[in-house]
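Structural description and commentary
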Amino acid sequence: MSASTSTQLAVHVRAVTKTFGTGEAAVPALKGVDFDARQGELLMIVGPSGCGKTTLLSVIAGTLNFDGGEIDVFGSPLHAMKPRHITEFRKRHVGFIFQQFNLIPTLSCIENVSVPLLINGVSRRVAEQKAAAMLDQMGLPGRGHERPTNLSGGQQQRVAIARALVHEPRLVICDEPTSALDKDTGGHIMDLLCAVARHPERSVIVVTHDNRIFKYADRLTEMEDGRVQRVHGQGGNHDLIE
Amino acid sequence: MYHLALKMLLGDRAKYAMLVGGLTFATMLMTQQSAVFFGLLKWTTSHLSNMRAKIWVVDRNVQQANELKALRDTDVNRVRSVTGVAWAMPIYVTIQSAKLADGNFKPIMLVGLDNTTLVGRPPIMLRGQLEDVRLPNSIILDELGIQRLSVGRAKPLGLGDTFELNDKEARIVGICRADRHFFGYPYAYSTYTQALQFAPKQRKMLSLVLAEPAPGWTAEAAAKQIQLETGMKAYTEDELFWSTIRWYFRNTGIPVAFVSIIVLGFIVGTTISGQTFYAFVHENLRHLGALKAMGASNSLLARMLLVQSFTVGFLGYGIGVLLVTLFGQVVLARGDPPFMLPWQLPAATFAIVMGICAFSALLGIVKVWKVEPAIVFRG
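Small disclaimer: the values here were computed from a predicted structure and weren't measured. (Residues numbered from 1 in each chain as written. Chains lettered and ligands numbered in written order. Predicted model: local features only at pLDDT ≥ 70, side-chain atom pairs only at ≥ 80, totals over all residues. Heavy atoms only, no water.)

**A look at the side chain of Lys18 of chain A**
Residues and elements named next belong to chain A. You can see Lys18 is positioned in strand β1 (residues 9–20). Despite being buried, Lys18 has no salt bridge partner; Asp67 is the closest side chain of opposite charge, sitting 4.3 Å away. At a separation of 3.0 Å, a polar atom in the side chain of Lys18 contacts the main-chain carbonyl oxygen of Asn65. Among all residues touching Lys18, those that are not within four sequence positions of it are Val27, Pro28, Ala29, Leu30, Thr55, Leu64, Asn65, Phe66 and Asp67. (Helix = DSSP H or I, 4+ residues; strand = E, 2+ residues; numbered from the N terminus. Buried < 20%, exposed > 50% of the residue type's maximum accessible area, 1.4 Å probe, protein only. Lys, Arg positive; Asp, Glu negative; His and termini not counted. Salt bridge = Lys/Arg side-chain N within 4 Å of Asp/Glu carboxyl O. Polar contact = N/O pair within 3.5 Å; in protein donor to acceptor, adjacent residues only side chain to side chain. Contact = heavy atoms within 4.5 Å.)

Next comes the structure, spelled out in structure tokens:
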């Protein structure tokens, strides 16, 4: 099956392998991973430390080369694309939310949020207007000119979500989005991400350790030792989610 | 994105100040030391700027303007007889002791000009009449001479005042402005005949002959002809200038001393700027990696780093040259130390500082080029 032949699939991963290092120091991180993410869903990748979930997220996002297998993201075959085209693909279609927010502390919130638009060639004026509007949507009206360091952790993550969404990407990649937040703030952030995932032509993939937020997932992919062990949720096992 | 690059740079105030400070220091060191060096070299050729002639005829072994070997008195007529020479005038140059009011002595550079034409006259007369130098015991003294010889007097020397020059009375009939001599001697002008009387008698007294090419002759051709016909050494003004400079390069440690400091300025600038900019990039690597993950190309990130690096370069250079200019104004007003800032010098410093910035940016660019965007997913 290919993603281009299925309108439902956002991400289609088959037999993907990735090994770090060479020779005796070689560490296989992905050992033939098969994985799908659908459009309009929030999918979580969970598993113990070192199981390969962040590596999987990185190769899906096109930020890390992989050794073998195939990855289609919204019909774009990453395995067959040149690095330049993968960068172009990320620029247009992927939004990122990081564990440590990765907001640039010397820029204002509006400037941080406008970055993906500026990278896409949007003018500064338009980019900052859209960034301000996006911050309003994220519940941060009037905070646009503040530095991220003046905001709470939850507010900073909202800014990061605004940055991830401002250029309307189809794939939103989230790496441990709640691990630096308390339970309530994490819950609010997940509510926001669930709302983001409701878009019919978008898919949100979340890597997490945080079992408090498993309940927000539409489906949950469990990894272990570089492989997908099982999928919980629609059409699968609901145990872990419940 | 460039405005964000600048905000990232300005946001890290400590590194920003360090970068600008380092480049300011490097600019200052390179420009100021070069300006002093050039000023010193200019002092070595002060005879040329203070006497001005197209052709300088000297003993065949003379290599530079400050080491003159006396000629015979008849040599001036031999030069005059050469085809291609319009005129030739004798000059006597000697260092004599002037007595101060407090009893001390100061050396002065006494120049004896041709009695009739006064060829080799002071470049700028500030007070008095040039022609009065023909009056008995008359001297035209430069500003430095006035300042030096006024020591111990109630008021500075002026027109009509006298002082003792080699046990003879010299009367000041004019004050001029002249370039300072390499050894720091003030210039005093008199007529050739009177200068011979101020100085102790020697077998040969003619120091050099100043000449002008005849119409239709270039200075080079006339100089060559003088050498051919008289066996004396004839330099064009330009040739003597560069011969003098080359002599000081070959025979003194001055260039090595100055070049060492200039190279030190370059090394300090490169080290501070390169190391600080590299540290700045290293500390921002995670953010740059995030930009890369979001789709910023390597070339966009490289351009951002170049904007940052050249911005501090322009600022550091601007402040550095401004400080050097202020330094120059102060020392030129004092006349010491030597200082000469031709436009080529700040232009060369600018090119070097921009080179340092390009190198610093390159260090960062290589670092950013290698970073994988997946770095942002590592904890």
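Having put the structure on the table, let's press on.
**A word on the domain arrangement of chain B**
Residues and elements named next belong to chain B. Along its sequence, chain B is carved into domain 1 (2–43 + 253–377) and domain 2 (72–231). A C-alpha centroid distance of 48 Å is found between domain 1 and domain 2. Contacts between domain 1 and domain 2 engage seven residues on the former and four residues on the latter. Summed over both partners, the interface of domain 1 with domain 2 buries about 510 Å², with 51% contributed by carbon and sulfur atoms. Linking domain 1 with domain 2 are one salt bridge. As a salt-bridge pair, Lys42 and Asp179 come within 2.8 Å of each other at their nearest N and O atoms. Looking at which element gives the most residues to the side of domain 1 that touches domain 2, the answer is helix α2 (residues 13–44), with three residues. Grouping the constituent residues of the side of domain 1 that touches domain 2 by class yields three nonpolar, one polar and three charged. (Domains from an automatic or database assignment. Buried area = accessible area lost by both parts, 1.4 Å probe. Nonpolar A, V, L, I, M, F, W, Y, C, P; charged D, E, K, R; others polar.)

**Things to note about the sheet that holds strand β6 (residues 94–97) of chain A**
Sheet strands pair via backbone hydrogen bonds, and the direction of the pair is either parallel or antiparallel. Residue and element names in this part refer to chain A. What the six strands build is an open sheet, ordered β6-β7-β8-β3-β9-β10; its pairing is mixed. Of all the strands in the sheet, just β6 and β10 (227–233) have a single pairing partner and so form its edges. Between one strand axis and the next, the sheet turns through 20° on average, direction left out of account. Looking at chain direction, strand β3 (residues 42–46) and strand β9 (residues 219–224) are connected through four bridges and run parallel. Note that in β9 the partner of Val46 across the bridge is Glu222. Packed onto the sheet, helix α1 (residues 53–61) meets β3, β6, β7 (171–175), β8 (203–208) and β9 and runs at close to 155° relative to β7. Each of β6 and β7 touches helix α2 (residues 83–93); the most contacted strand, β6, lies at about 75° to it. (Pairing = 2+ DSSP bridges. Axes fitted to C-alpha atoms, helices over the stretch in contact; angles between N-to-C directions.)

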